[in-house]
Amino acid sequence: MTGAAIPVLAWPPDEDRVEAIFRRLSGVMPEPKTELDYTNPFTLVAAVALSAQATDVAVNKATRGLFAAADTPQAMLALGEEGVIPFIASIGLYRNKARNLIALSRILVERHDGRVPLTRAALQALPGVGRKTASVVLNELGIEPAIAVDTHVFRVSHRLGLANAATPDKVEQQLHRIVPEDYLPKAHHWLILHGRYVCTARRPNCSGCVISDLCPSRAGLAAMGEAR
């Protein structure tokens, strides 16, 4: 995980504080959603898989042309690995991602009638689709209130004392235990977007944070971001 040292705070956190955190985040981001561009479940799976070790901005630039040429498994399979590469060569690990995208498309065509199977087990069985990718897809499509723990979620959860575990999977388990049920479906997006735009790794904007008074790490973070 990038950025300054992650604090290790007592867990579980106070329930009232947790509720207040998500209530305020919901107030400033009432309808959070992924910043990846997609038009259907297949392009969503493809975009999320391509986003590993790449920014959403970079992925959107790459998939703009790719999805115009192939927005179904059948069309992607017809494009082939060598046909995919020119579209995504600007993002990291593009050769491996092109290989996985074609293998994924082949499985969808041959085993799922060209449709994306919307269960966790079936998604994670697809090439290039791990637990985090499956969680993003299931959450975005409203199928499961999953929390995909990326670097932003990991960092923000620790800074806020929402989690203190050492691995993404264990942080995910902790978040599911303490996030109020009403807020769970959107918690993933709130934590990602808060980490991407406010509670950034190296220069957190504590003065512009709606939950700074609820943050047990605020003193150290404010010092980090004082150059703002």
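Preceding this paragraph is the structure being described.
Quick caveat, the model's predicted, so the values are computed rather than measured. (Residues numbered from 1 in each chain as written. Predicted model: local features only at pLDDT ≥ 70, side-chain atom pairs only at ≥ 80, totals over all residues. Heavy atoms only, no water.)

Chemist: Let's hear about the packing of helix α4 (residues 73-88) against helix α5 (residues 94-111): which residues, and what values?
Modeler: Running from N to C, α4 and α5 point in directions that differ by 180°, and their axes come no closer than 8 Å. By the criterion of interaxial angle, the relationship of α4 to α5 is roughly antiparallel. Residues P73, Q74, M76, L77, G80, E81, V84, I85 and I88 of α4 pack against Y94, R95, K97, A98, R99, L101, I102, S105, R106, L108 and V109 of α5. In terms of residue class, the contact of α4 with α5 is built from twelve nonpolar, three polar and five charged. (Axes fitted to C-alpha atoms, helices over the stretch in contact; angles between N-to-C directions. Helix = DSSP H or I, 4+ residues; strand = E, 2+ residues; numbered from the N terminus. Parallel < 35°, antiparallel > 145°, perpendicular 65-115°, else oblique. Contact = heavy atoms within 4.5 Å. Nonpolar A, V, L, I, M, F, W, Y, C, P; charged D, E, K, R; others polar.)

Chemist: Please give an account of the pattern of salt bridges that cites residues and values.
Modeler: Taken as a whole and assessed by the stated rule, the structure comprises eight salt bridges. Between E35 and R196 there is a salt bridge, and its shortest N-O distance comes to 2.5 Å. Taken as a pair, E35 in the loop between α1 (15-28) and α2 (41-50) and R196 in helix α10 (residues 184-197) lie far apart in primary sequence, 161 residues in all. For R196, a relative accessible area of 23% translates into the label partly exposed. R99 is paired through a salt bridge with E81; the nearest N and O atoms lie 3.9 Å apart. Taken together, the residues span a long stretch of sequence, with R99 in helix α5 and E81 in helix α4 at a distance of 18 residues. (Salt bridge = Lys/Arg side-chain N within 4 Å of Asp/Glu carboxyl O. Buried < 20%, exposed > 50% of the residue type's maximum accessible area, 1.4 Å probe, protein only.)

Chemist: So what's going on with the nonpolar core? Which residues, and what values?
Modeler: Within the largest apolar cluster, 34 residues are counted, with the highest numbers of intra-cluster contacts made by I21, F22, I147, L162, L175 and V179. At the level of elements, α1, α8 (151-159), α9 (168-178) and α10 are the ones that each hand at least two residues to this core. Looking at which element gives the most residues to this core, the answer is α10, with six residues. Those residues in contact with L162 that lie beyond four places of it in its chain are W11, P13, V18, I21, F22, S157, Q174, L175, I178 and L191. Membership of the second largest hydrophobic core comes to 33 residues, among which are A47, V48, M76 and L123. (Core = buried A, V, L, I, M, F, W, Y, C linked by side-chain atoms within 4.5 Å.)

Chemist: Account for the packing of aromatic side chains, with residues named and values stated.
Modeler: In the structure shown here, the tally under the stated rule is three aromatic pairs. Note on F22 and W190: the rings are 6.3 Å apart at their centroids and 50° apart in plane angle, and the pair reads as tilted. Taken together, the residues F22 in helix α1 and W190 in helix α10 connect sequence positions 168 residues apart. This pair shows no difference in class: F22 is buried, exactly as W190 is. Three or more aromatic residues joined by ring pairs form one cluster here, namely F22, Y183 and W190. (Phe/Tyr/Trp six-rings, centres within 6.5 Å; stacked < 30°, edge-to-face > 60°.)

Chemist: Kindly report on the environment of I107, identifying the contributing residues and their values.
Modeler: Tracing the backbone shows I107 in helix α5. I107 gets classed as buried once you look at its relative accessible area, which sits at 16%. In this structure, the C-alpha to C-alpha distance between I107 and L77, residues 30 residues apart in sequence, is 9.9 Å. If we ignore the near neighbours within four places in the chain, the residues touching I107 are H112, L126 and P127.

Chemist: I'd like a rundown of unusual backbone geometry, residues and numbers included.
Modeler: The step from W11 to P12 runs through a cis peptide bond, and the omega angle for that step is 5°. Among the structural elements, P12 can be located in the segment before α1. Positive phi values are uncommon outside glycine, yet Q53 reaches one of about 55°. Structurally, the position occupied by Q53 is in the loop between α2 and α3 (56-69). In this structure, L93 is a non-glycine residue whose phi angle is positive, near 55°. Inspection of the secondary structure assignment puts L93 in the loop between α4 and α5. The partly exposed category is assigned to L93, whose relative accessible area is 48%.

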